[in-house]
Amino acid sequence: MYVIKFLIESGIYNFSENKYPYNIEENIKHYLFWINPKSNEILNIFKINSIIQNYLKKPYIIFENLPDNKSVPEIKHYHVFFKI
């Protein structure tokens, strides 16, 4: 699977723009925070927020979809939205 290969090559996590963003306002960016399932490092929501804050330095919204709504259920990932 592309996502797993991409994550393994990128390390513990990957924070990148969603290639298939939700239909949202033009001034909002939709990013994804993927956690490498092969990593032994524990990334709780506090650590994830700390990482994202270092990247964005602006307010954002983060959430994880419910299991039935996940497009890639086998890989833990969060949706991150912020204004540009």
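Each value, and the rule that gives it
- Residues numbered from 1 in each chain as written.
- Predicted model: local features only at pLDDT ≥ 70, side-chain atom pairs only at ≥ 80, totals over all residues.
- Heavy atoms only, no water.
- Salt bridge = Lys/Arg side-chain N within 4 Å of Asp/Glu carboxyl O.
- Core = buried A, V, L, I, M, F, W, Y, C linked by side-chain atoms within 4.5 Å.
- Buried < 20%, exposed > 50% of the residue type's maximum accessible area, 1.4 Å probe, protein only.
- Helix = DSSP H or I, 4+ residues; strand = E, 2+ residues; numbered from the N terminus.
- Contact = heavy atoms within 4.5 Å.
- Pairing = 2+ DSSP bridges.

A. Structural detail: the pattern of salt bridges. A full pass over the atoms with the stated rule returns three salt bridges. The closest approach of N and O atoms between Lys70 and Glu64, which form a salt bridge, is 2.7 Å. Beyond isolated ion pairs, a larger network of salt bridges with shared partners links Glu64, Lys70 and Lys76.

B. Summary view of the nonpolar core. Counting residues in each nonpolar core, the largest one holds 13 residues, and the members touching the most others are Phe15, Phe33, Ile48, Ile52, Leu56 and Val80. Looking at this core, the elements with two or more residues in it are β2 (28-35), α2 (45-56) and β4 (77-83). Excluding its chain neighbours within four sequence positions, the residues that come into contact with Ile52 are Phe15, Phe33, Lys57, Tyr60, Ile62 and Val80.

C. The pairing of β2, seen in detail. Here β2 lies mainly inside the structure; six of its eight residues are buried. Inspection of the sheet shows strand β1 (residues 13-17) paired to β2 by five bridges, in the antiparallel sense. Looking at the pairing, Tyr13 lines up with Ile35 of β2. Relative to β4, β2 is paired through seven bridges, and the arrangement is antiparallel.

D. Examining unusual backbone geometry more closely. Even without being a glycine, Lys57 presents a positive backbone phi close to 55 degrees. Here Lys57 is to be found in the loop between α2 and β3 (61-63). A relative accessible area of 65% places Lys57 in the exposed class.

E. A look at the side chain of Asn18. On the secondary structure map, Asn18 appears in the loop between β1 and β2. Look at Asn18 and you get buried, because its relative accessible area is 10%. Those residues in contact with Asn18 that sit more than four places away from it in its chain are His30, Tyr31, Leu32 and His79.

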